[in-house]
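Spelled out from the first residue to the last, the chains are:
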Amino acid sequence: MKTTKNDSEKTTRRIAEQTVDLFLDVLLTNEDGLAWEGMGLIGRLVDFKGQLPQSSGFSGFCTLARRVDRMRHWSECHRMSLIVLRKLSDRQREAVCFDRAYRGRTKVAVDPFTPTKKVEIYWGDNECARQLDCSVNAFRKRVQEGYQSIEQILNEKAAQAA
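Now for a quick tour of the structure.

Thresholds, definitions, all that
The residue numbering used here restarts from 1 in each chain and proceeds along that chain's sequence as written. Reporting of local features is limited, given that this is a predicted model, to residues whose pLDDT is at least 70; pairs of side-chain atoms are given and counted only at 80 or more, and all residues count toward the totals for whole chains, interfaces and linings. Remark: hydrogens and water are excluded; side-chain values derive from all non-hydrogen atoms of the structure. Ring pairs shown here join Phe, Tyr and Trp side chains whose ring centres sit within 6.5 Å, with only the six-membered ring taken for Trp; geometry is labelled stacked below 30 degrees between planes, edge-to-face above 60, and tilted in between. Helix and strand labels come from DSSP, where a helix needs a run of H or I of at least four residues and a strand needs a run of E of at least two; each type is numbered from the N terminus. Multiply 1.5 Å by the residue count of a helix minus one, and that product is the helix's expected span. Here the term buried applies to any residue with accessible area under 20% of the maximum for its type, exposed to any over 50%, and partly exposed to those in between, with areas from a 1.4 Å probe on protein chains only. For this analysis, residues touch if any pair of their heavy atoms sits within 4.5 Å. Here an angle of 0 to 180 degrees is reported between the N-to-C directions of two axes, which are lines fitted to C-alpha atoms, with helices fitted over the stretch in contact. Any angle that is under 35 degrees is reported as roughly parallel, and any over 145 degrees as roughly antiparallel; angles of 65 to 115 degrees are reported as roughly perpendicular and all others as oblique. The residue classification treats Ala, Val, Leu, Ile, Met, Phe, Trp, Tyr, Cys and Pro as nonpolar and Asp, Glu, Lys and Arg as charged. All others, Gly included, are polar. We define a nonpolar core as any set of buried Ala, Val, Leu, Ile, Met, Phe, Trp, Tyr and Cys residues linked to one another through side-chain atoms lying within 4.5 Å. Should DSSP find at least two bridges between two strands, the strands are taken to pair. Each salt bridge in this description consists of a side-chain nitrogen of Lys or Arg and a carboxyl oxygen of Asp or Glu lying within 4 Å of one another.

**Focus: the packing of aromatic side chains**
A ring pair, where both rings are aromatic, is described by two values, the distance of the centres and the angle of the planes.
Next, step 1: What the rule picks out here adds up to three aromatic pairs.
Next, step 2: In textbook terms, an aromatic cluster arises when at least three aromatic residues are bridged by ring pairs, as seen for Phe 98, Tyr 102 and Trp 123.

**Re helix 6 (residues 90–101)**
Next, step 1: Helix length check: helix 6 (12 residues) gives 16 Å between terminal C-alpha atoms against 16 Å at 1.5 Å per residue, within 8%.
Next, step 2: When we look at burial in helix 6, the residues that qualify are Gln 92, Arg 93, Ala 95, Val 96, Cys 97, Phe 98 and Asp 99.
Next, step 3: Residues of helix 6 that are buried make contact with helix 1 (7–28), helix 5 (76–86), strand 1 (105–111), strand 2 (114–123), helix 7 (125–131) and helix 8 (136–161).

**As for the packing of helix 1 against helix 6**
Helix-helix packing is characterised by the crossing angle of the two axes and by the distance between the axes.
Next, step 1: Close contact between helix 1 and helix 6 brings their axes to 10 Å; oriented N to C, the two are set at 95 degrees. If you check the angle between helix 1 and helix 6, you find them roughly perpendicular. Two secondary-structure elements touch here, helix 1 through Glu 17, Val 20, Asp 21, Phe 23 and Leu 24 and helix 6 through Arg 93, Val 96, Cys 97, Arg 100 and Ala 101.
Next, step 2: Of the residues contributing to the contact of helix 1 with helix 6, the split by class is six nonpolar, no polar and four charged.

**Thoughts on the nonpolar core**
Next, step 1: Core analysis: the biggest nonpolar cluster contains 25 residues, and Val 20, Leu 85, Val 96, Phe 139, Tyr 147 and Ile 150 have the highest contact counts within it.
Next, step 2: Where this core is concerned, the elements lending two or more residues are helix 1, helix 5, helix 6, helix 7 and helix 8.
Next, step 3: Other than its neighbours up to four places away in sequence, Val 20 contacts Leu 85, Val 96, Cys 97, Arg 100, Tyr 147 and Ile 150.

**What to know about the pairing of strand 2**
Next, step 1: When you tally the buried positions in strand 2, you get one out of 10 residues, a small fraction of the element.
Next, step 2: One ladder, built from seven bridges, connects strand 1 with strand 2; its direction is antiparallel. Within the sheet, the bridge partner assigned to Val 110 lies in strand 2 and is Lys 118.
Next, step 3: Between strand 1 and strand 2, which pair antiparallel one after the other, the connecting turn spans two residues.

**Considering the pattern of salt bridges**
Side-chain pairs of opposite charge can arise where the charged atoms are in close proximity.
Next, step 1: Within the structure shown, the criterion is met by nine salt bridges.
Next, step 2: Measuring nitrogen to oxygen at the nearest pair gives 2.9 Å for the salt bridge that ties Arg 93 to Asp 90. On the criterion of helical spacing, the pair formed by Arg 93 and Asp 90 is a turn pair, its members being three residues apart in helix 6.
Next, step 3: Ionic pairing is found between Arg 130 and Glu 127, a salt bridge with its closest N-O pair at 2.7 Å. You can see Arg 130 and its partner Glu 127 sitting in helix 7, three residues apart, about one turn around the helix.
Next, step 4: Because the salt bridges share partners, they merge into one network encompassing Asp 99, Arg 103, Asp 125 and Arg 140.

Now the structure itself:
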């Protein structure tokens, strides 16, 4: 039986989701990931439908320092998200990360050499569960329990701070 959440519960869930977003920001930004932030040749081919645009002469070198600096100096909220999500079980952590990063989204893949052939992947509960090698009900339960754990941890931290 579904129950409607009150405003306080919705706010608490939103904060828990933002905590997962911050965790993903840290998780997905690393030294190896820096190269993925720049646009590569294949990305340009996809964006411009197989035709390379004329160069502007700007190489983008000055953005590297900003990206490296971001890796070194995480905000206090980013650090807190790491602490909070480390307290979850591996399965719960994976589930809430899939919930925030993929669930409900459609990924479109385009072959740069045949841009008219697009493959769409909808990241519903079935696809997320398949990727995590569990049933749909297990995925949903892990997401629910993961957010409940995050909310509980955040409430305990807030109580300690007060």
